[in-house]
Amino acid sequence: MPGITREEVAHLARLARLELKAEELDHFAGQLDDIIGAVARVSEVADQDVPPTSHPLPLTNVMRPDEVRPSLTPDQALSGAPAQEQQRFKVPQILGED
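All values reported here derive from a predicted model rather than from experimental measurement.

What counts, and at which threshold
- By convention here, each chain's residues receive numbers from 1 onward along its written sequence.
- In keeping with the predicted nature of the model, local features appear solely for residues at pLDDT of at least 70, side-chain atom pairs appear and are counted solely at 80 or more, and the whole-chain, interface and lining totals rest on all residues.
- Water and hydrogen atoms play no part in the side-chain values, which are based on all heavy atoms of the structure.
- Runs of E in the DSSP output that reach at least two residues are strands. Runs of H or I that reach at least four are helices, and both are numbered from the N terminus.
- When a residue's accessible area, from a 1.4 Å probe over protein chains only, is under 20% of the maximum for its type it is buried; when over 50% it is exposed; and in between it is partly exposed.
- Our arc is simply the arc of the directions from the helix axis toward the C-beta atoms.
- Two residues qualify as a contact provided that any one of their heavy atoms is within 4.5 Å of a heavy atom in the partner residue.

K.L.:
Honestly, unusual backbone geometry in this entry has me stumped. Any pointers?
P.N.:
Excluding glycine, most residues fall at negative phi; most peptide bonds, likewise, are trans. If you check the backbone angles, glutamine 86 has positive phi at about 50 degrees while not being a glycine. Tracing the chain through its elements places glutamine 86 in the loop between strand S1 (84–85) and strand S2 (88–89). For glutamine 86, a relative accessible area of 64% translates into the label exposed. Phi at glutamine 87 takes a positive value of approximately 60 degrees, unusual for a residue other than glycine.

As structure tokens, then:
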């Protein structure tokens, strides 16, 4: 597989509206070559009978089921509030809306 040339890197830089120095062109050409090589190796490993996945390990939901448990009553929860209205904390208006 032929490597990425500095002219191709310069072209990509122009498309991305990046201004690169001459030494950066050589540096990025080598890096892009490495990236393309890594993608090619992954493509070689991928087989038709291996389904595509979004994660290497199976994911399971770790949430617990909802269960009703004893908790505070609204009056108990609001007992320390400086102001309350309709079983809710009352706070100063901040957006100027009614």
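K.L.:
Would you mind going over helix H1 (residues 6–15) with me for this structure?
P.N.:
Among all positions in H1, only Val9, Ala10 and Ala13 are buried. The buried residues of H1 occupy an angular sector of 100 degrees when projected down its axis, which confines them to one face. For H1, the exposed residues set more than 90 degrees away from the buried face come down to Glu7, Arg14 and Leu15. Those residues of H1 that are buried are in contact with helix H2 (22–45).

K.L.:
What am I meant to see in the environment of glycine 3 here?
P.N.:
Topologically, glycine 3 is positioned in the segment before H1. Taking the C-alpha atoms as reference points, glycine 3 and isoleucine 36, separated by 33 residues in sequence, lie 9.1 Å from one another. Dropping the residues within four chain positions of it, glycine 3 is found in contact with Glu8 and Asp33.

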